[in-house]
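Descriptive analysis of the structure
If you want the building blocks of each chain, they are given just below.
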Amino acid sequence: MQAVGHAPVASPPLRASAKLAYGLGDFGFGLSWNMVGAFLLFFYTDVALLPAAAVGTLLLVSRLADAAVDPLIGMMVDRTRSATGRARPWFRLGAIPFGLLCVATFWSPPGGEAIRLVWAVVTFGVLGLLFSVVNIPYGALLPMMTNRHDERLSLGSLRAAGTAISVIVATAATMPLVSLFGGGDQRRGFLLVAVLFGLATTLTTLNLLRCPEQVHAADPPSRQRFWPQVRAMVANRAWYTVFLFALLNFVRFGALLAITPFFAIHVLGQPWMISILLPAVSGTLLIGSMLAPAYFRRWGMRRGNLIALGAALPLFALLPLAEGSVPLFLTLYLAGSVLLSITMTAIFAMAAEAIDHHETLTGTRNEGLLSSGISLSTKIGMAIGGALVAYGLAAVGYAPGTVGAGVVAGMRWLYYAPILTCLVAQMAVIARYPDIRRAG
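Residues numbered from 1 in each chain as written. Predicted model: local features only at pLDDT ≥ 70, side-chain atom pairs only at ≥ 80, totals over all residues. Heavy atoms only, no water.

1. A short note on the side chain of Ser108
Under the convention used in this document: Note on conventions: DSSP H or I runs of at least 4 residues are helices, E runs of at least 2 residues are strands, and numbering of each starts at the N terminus. Summary of the burial criterion: residues with accessible area below 20% of their type's maximum are buried, those above 50% are exposed, and those between are partly exposed, where the area comes from a 1.4 Å probe applied to protein chains only. Here a polar contact is taken to be a pair of N or O atoms separated by no more than 3.5 Å, where protein atoms must pair a possible hydrogen donor with a possible acceptor and residues adjacent in sequence count only if both atoms sit in side chains. Pairs of residues are marked as contacts when any of their non-hydrogen atoms sit within 4.5 Å.
Structurally, the position occupied by Ser108 is in the loop between helix 4 (88–105) and helix 5 (113–145). Under the relative-accessibility criterion, Ser108 is labelled buried at 13%. Within the structure, Ser108 has its side chain in polar contact with the side chain of Arg187 (distance 3.2 Å). Contact partners of Ser108, with chain neighbours within four places excluded, come to Phe43, Ala48, Arg116 and Arg187.

Structure, rendered in structure tokens:
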């Protein structure tokens, strides 16, 4: 890498197989992680029979606690030196344990409520830690693979496409597969689906070893201290803007995943719509990932995101008026989801830009530390979104089998309020994103 202030030498072009392997990484992570995000609250309350308020605390505290280690893992990635690189050794380390914990999370042990709750606390907490072990190096890998702007947009789009396919499979297929494998026993069904998804996650994580690391940090990692690096990271406007933008995205995403099964069943009275609404939450990333490269080349990151968010906001605001018409509701919902998918695709490319900007400001790249911010924002956002729904359900008195008019009204608020609030906040945040000179 060139010295600070000099234009970097363009890295060699990537092979198509390496790009595909990178995109499949988020497909594997997403199968298990989106099954957790979409159905774990339902599994805990309706299958494991844990109280909603306790589940809300579990979701919030566990994710916040394990999110605290993300910057440490990021720094460990930055300090890793091996024959296979800095990011790739972590995939070997975490692939199999992460797959196994995905299975353990959807197993409820026999015994009383206290035993089931302790098991949930331990398995969910360790699962979040292992997610960091594989996902932070995965995020750091993108800027290590290439410094070419077009290739980074391509990798970000492939990652978004992998996420989209995983969401479609995880959210559309989970409940039918639970019924198929369980034969009426949801405990057995959820466990077997988790085995299937956990195996796929392990295999695709190991496949990331095919991705080359071509952009190298020039600074010796052993000379860097933790807190000065953290202060420099927080002072990087590009980084903290991406962090806040992603945080709000995942608050919305986490709340929407958690409330949608309840909303479709009890508010819309259409349980079959779970298999449409949940995949469309980010399944439309398939469309967004194809549109995003040309779209952001035309409009830029800041203006492009503002346009997409501003167009999506009125579509979602009209949804309450369309509840009586399934075709109209789905039309508004899908159109808004496509627009939001474009902004989700941008997160990965903006994170890579923030790393380049950090090198310009400080002379160090710190891909692991800065990429940990995306994992941190994911966990905190999903924790807040999921906990808001769980606490909200407890506040309105939700219990399986007893859903009155007040509970239904509360579910409606829990569905719409996070979407609209987060969209407005995201627009305010992205307006602060700086113009960054693109390398390569």
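2. So, the environment of Gly182
The topology assignment puts Gly182 in helix 6 (residues 149–182). Judged by its relative accessible area of 8%, Gly182 is buried. In the structure, Gly182 is positioned 51 residues away from Met233 in sequence and 48 Å away in space, judged by C-alpha atoms. Not counting the four nearest positions on each side in its chain, Gly182 is found in contact with Leu177, Arg188 and Gly189.

3. Some points on the nonpolar core
Condition: We call a set of buried Ala, Val, Leu, Ile, Met, Phe, Trp, Tyr and Cys residues a nonpolar core when their side-chain atoms join them within 4.5 Å.
Of all hydrophobic cores here, the largest spans 132 residues; its most connected members are Tyr44, Phe98, Phe190, Phe329, Tyr333, Leu393 and Tyr415. In terms of residue count, helix 9 (residues 237–267) provides more of this core than any other element does, 19 residues in total. Sequence-distant contacts of Tyr44, that is, excluding residues within four places in its chain, are made with Leu49, Leu50, Val55, Leu58, Thr105, Ala120 and Phe124. Counting five residues, the second-largest nonpolar core is a separate cluster that includes Ala160, Ala164, Leu285 and Met344.

4. Describing the environment of Thr57
Take Thr57: it is sitting in helix 2 (residues 52–67). Counting along the chain gives 326 residues from Thr57 to Ala383, while the straight-line C-alpha distance between them is 9.4 Å. The residues contacting Thr57, other than those within four sequence positions of it, are Ser62 and Tyr391. Within the structure, Thr57 has its side chain in polar contact with the side chain of Tyr391 (distance 2.8 Å).

5. Details of empty space enclosed by the protein
Over the atoms rolls a probe the size of a water molecule, and in doing so it shows where empty space is left. Note the following rule: Every definition here rests on a 1 Å grid over the protein atoms only: cavities are sets of points where a 1.4 Å probe fits but cannot get out, pockets are open sets enclosed by protein on both sides within 12 Å along at least five of seven lines, and lining residues have some atom within 4 Å of a point. Grid points are joined across faces, edges and corners, and a volume is the space filled by probe spheres set on the points.
Within the structure shown, the criterion is met by nine cavities of 30 Å³ or more. Volume-wise, the largest cavity comes out at about 290 Å³. Together, 18 residues line the largest cavity, and Asp26, Trp33, Thr163, Phe250 and Thr378 are the ones closest to its centre. The set of elements that each furnish at least two residues to the lining of the largest cavity consists of helix 1 (16–47), helix 5, helix 6, helix 9, helix 13 (326–362) and helix 14 (367–395). Here the lining of the largest cavity takes five residues from helix 1, the largest share from any one element.

6. Considerations on the pattern of salt bridges
Note the cut-off: Each salt bridge in this description consists of a side-chain nitrogen of Lys or Arg and a carboxyl oxygen of Asp or Glu lying within 4 Å of one another.
Within this structure, the stated rule accounts for four salt bridges. Between Arg88 and Glu213 there is a salt bridge, and its shortest N-O distance comes to 3.7 Å. Of this pair, Arg88 sits in helix 4 while Glu213 sits in the loop between helix 7 (186–206) and helix 8 (226–235), and the two are 125 residues apart along the sequence. For the pair Arg88 and Glu213, one class covers both residues: buried.

7. Some words on the packing of helix 12 (residues 301–317) against helix 15 (residues 405–430)
Applicable threshold: Note on method: axes are straight lines fitted to C-alpha atoms, helices fitted across the in-contact stretch only, with angles between N-to-C directions ranging 0 to 180 degrees. Put simply, angles under 35 degrees are roughly parallel, angles over 145 are roughly antiparallel, angles from 65 to 115 are roughly perpendicular, and the rest are oblique. Handedness of a helix crossing follows the sense of rotation of the near helix relative to the far helix, less than a right angle counterclockwise being left-handed and clockwise being right-handed. The nonpolar class holds Ala, Val, Leu, Ile, Met, Phe, Trp, Tyr, Cys and Pro. Asp, Glu, Lys and Arg form the charged class, and all remaining residues, Gly among them, are polar.
Relative orientation of the contacting elements helix 12 and helix 15 amounts to 160°, with a least axis distance of 9 Å. With respect to helix 15, the element helix 12 is oriented roughly antiparallel. In the packing of helix 12 onto helix 15, the handedness of the crossing is left-handed. The segment helix 12 lies against helix 15, with Arg302, Asn305, Leu306, Leu309, Gly310, Ala312, Leu313, Phe316 and Ala317 engaging Ile419, Leu420, Leu423, Val424, Gln426, Met427 and Ile430. Class assignment of the residues belonging to the contact of helix 12 with helix 15 gives a composition of twelve nonpolar, three polar and one charged.

8. Some thoughts on the confidence of the model for the protein chain
Any segment with low pLDDT has predicted coordinates that should not be analysed in fine detail. Filter applied, for reference: A residue's pLDDT is the confidence the predictor assigns to it, expressed on a 0 to 100 scale.
This prediction gives the protein chain a mean pLDDT of 85; 93% of its residues lie at or above 70. Element-level mean pLDDT values for the protein chain span from 73 in helix 8 up to 95 in helix 12. Across residues 1–5, confidence stays below pLDDT 50; counting only partners more than four residues off in sequence or on other chains, it has twelve contacts.

9. Quick notes on the environment of Leu180
With respect to the helices, strands and loops of the structure, Leu180 is situated in helix 6. Judged by its relative accessible area of 61%, Leu180 falls in the exposed class. With 27 residues separating them along the chain, Leu180 and Asn207 place their C-alpha atoms 29 Å apart.

10. Description of the packing of aromatic side chains
So the rule is basically this: Working definition: rings of Phe, Tyr and Trp (its six-membered ring) pair if their centres are within 6.5 Å, and the pair is stacked with planes under 30 degrees apart, edge-to-face with planes over 60 apart, and tilted otherwise.
Scanning the model with the defined rule gives 21 aromatic pairs in all. Taken together, a centroid distance of 5.8 Å and an interplanar angle of 10° make the contact between Phe106 and Phe190 stacked. Of this pair, Phe106 sits in the loop between helix 4 and helix 5 while Phe190 sits in helix 7; the two residues are 84 residues apart in sequence, bridging distant segments of the chain. The pair Phe106 / Phe190 is uniform in exposure class, with both members buried. In textbook terms, an aromatic cluster arises when at least three aromatic residues are bridged by ring pairs, as seen for Tyr22, Phe29, Trp33, Phe98, Phe131 and Tyr138.

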